[in-house]
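# Fold and geometry: a report
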Amino acid sequence: MKRDWKKVEFLKSAYSRRDFLNFPFPVFTFCGRSNVGKSSLINLLVWNRKAAKVSSRPGKTASVNYFLVDGSLVLVDLPGYGFAKRSREERLRWASLMEDFFEYQKGIKTNFILLDSRLGPTPLDLQLIDWLKFLGQDFAFVLTKSDKVKKQDLRKIREKIKEEFSKPVIPTSAKTGQGRKELISCIEKIERGEKCLP
Ligand SMILES: Nc1nc2c(ncn2[C@@H]2O[C@H](COP(=O)(O)OP(=O)(O)OP(=O)(O)O)[C@@H](O)[C@H]2O)c(=O)[nH]1
Ligand SMILES: [Mg+2]
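Here's what I pulled together on the structure shown here. Note that this is a predicted model, so its numbers are computed, not measured. (Residues numbered from 1 in each chain as written. Chains lettered and ligands numbered in written order. Predicted model: local features only at pLDDT ≥ 70, side-chain atom pairs only at ≥ 80, totals over all residues. Heavy atoms only, no water.)

## Focus: the overall build of the protein chain
- When you go through the protein chain residue by residue, the secondary structure sums to 5 helices and 7 strands.
- Mapped in sequence order, the helices and strands of the protein chain form the string β-β-α-β-β-α-β-α-β-α-β-α.
- What you see for the protein chain is a C-alpha radius of gyration of 16 Å, in line with the 16 Å of a compact globule of 198 residues.
- Judged by the C-alpha coordinates and their principal axes, the protein chain covers about 45 × 40 × 35 Å.
- Residues classed as buried in the protein chain amount to 49% of the 198 residues present.
- Here the contacts in the protein chain between residues at least 6 apart in sequence split such that 73% fall between residues at least 24 apart.
- With the model as given, the accessible surface of the protein chain reaches about 10700 Å², and the carbon-plus-sulfur share is 49%.
- If the 39 positive side-chain charges of the protein chain are averaged to one point and the 23 negative ones to another, these points end up 5 Å apart. (Helix = DSSP H or I, 4+ residues; strand = E, 2+ residues; numbered from the N terminus. Rg over C-alpha atoms; globule rule 2.2 N^0.38 Å. Buried < 20%, exposed > 50% of the residue type's maximum accessible area, 1.4 Å probe, protein only. Contact = heavy atoms within 4.5 Å. Areas by Shrake-Rupley, 256 points an atom, 1.4 Å probe, with all protein chains shown as cover. Lys, Arg positive; Asp, Glu negative; His and termini not counted. Charge placed at Lys NZ, Arg CZ, Asp CG, Glu CD.)

## Structural notes on the side chain of Ser146
- Along the chain, Ser146 falls in the loop between strand S6 (139-144) and helix H4 (151-165).
- Discounting chain neighbours no more than four positions away, the residues touching Ser146 are Ser117, Leu154, Thr172, Ser173 and Gln178.

## Some details on unusual backbone geometry
- Even without glycine at this site, Trp5 takes up a positive phi of about 60°.
- Within the fold, Trp5 resides in the segment before strand S1 (8-14).
- Residue Ser166 is not a glycine yet carries a positive backbone phi of 50°.
- In this fold, Ser166 is placed in the loop between H4 and strand S7 (169-171).

## With respect to the state of the cysteines
- What the rule picks out here adds up to 1 disulfide.
- Note on cysteine connectivity: Cys186 is disulfide-linked to Cys196, with sulfurs 1.9 Å apart. Its torsion about the S-S bond being -100°, the disulfide of Cys186 and Cys196 is classed as left-handed. Here the residue Cys186 occupies a position in helix H5 (residues 180-191), and Cys196 occupies one in the segment after H5, the gap between them amounting to 10 residues. You'll find Cys186 and Cys196 in the same group, each marked buried.
- You can see Cys31 has no disulfide; the closest cysteine sulfur is in Cys186, sitting 14 Å from it.
- The exposure class assigned to Cys31 is buried, which follows from its relative accessible area of 2%. (Disulfide = S-S within 2.5 Å.)

## A closer look at the sheet that holds S6
- Pairing within the open sheet is mixed, and its 7 strands lie in the order S1-S3-S4-S2-S5-S6-S7. For this open sheet the edge positions go to S1 and S7, each flanked by a neighbour on one side alone. Each neighbouring strand pair of the sheet contributes to a mean axis angle of 25°, computed without reference to strand direction.
- The pairing of strand S2 (residues 27-32) with strand S4 (residues 73-77) spans 4 bridges and is classified as parallel. (Pairing = 2+ DSSP bridges. Axes fitted to C-alpha atoms, helices over the stretch in contact; angles between N-to-C directions.)

## Here's the deal with the packing of aromatic side chains
- The final tally for this structure, using the stated rule, is 10 aromatic pairs.
- Put simply, the rings of Phe20, Phe101 and Phe102 pair up and form one aromatic cluster.
- Here the basic side chain of Arg17 rests over the ring of Tyr104, its NZ or CZ set 3.6 Å away from the ring centre.
- Its guanidinium or amino end placed over the ring of Phe139, Lys167 lies 4.9 Å from that ring's centre, counting from NZ or CZ. (Phe/Tyr/Trp six-rings, centres within 6.5 Å; stacked < 30°, edge-to-face > 60°. Lys NZ or Arg CZ within 6 Å of the ring centre and 35° of its normal.)

This is the structure in structure tokens:
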């Protein structure tokens, strides 16, 4: 199907399992540390700065947020983890919301794990990867904020992650627009059941 990736509808924020939505459409999620750039990346995909709320303060997105693109595909902005200033209750609430989400959300085609181009995977990212593997969920990587690193460093970190996990790794920048096309093409390939190997 030809999609122009411009029409985006915010559908719902879910705070618990009973709020999760079921769709006749493929679902792609965006997960990663607080402040890594999940909401910004969703906005980049649909060329809309205001679709998902962005903030320089970590911990902005605290619920599961569903976006419908061109009436035929769902993007999910997930709450970020690893934000030290959160209370214990908040962290526990996040963990159980995520556990429920990956267990009960239907139609997930793949989960994009966002990693800061300067940092690569952190211990909490590795925990998430183990959890997704345990649940039999597929995943791929997106490097964010590529505008903040030198080209050669970006290449190195990308190769390293590719080698370690044998999964797609797509460098992106919400600032320059780098990687938007590649990510869209990857999403559409996965949707068609093809392999995405950037
Ligand atoms: N330079 C640069 N800054 C970025 C990029 N992407 C996001 N940012 C900035 O990083 C901060 C966090 O971005 P968000 O998109 O809100 O991050 P998030 O992962 O959704 O954060 P939470 O909702 O707290 O989990 C904001 O100040 C963004 O402007 C990027 O590609 N380049
Ligand atoms: Mg966010």
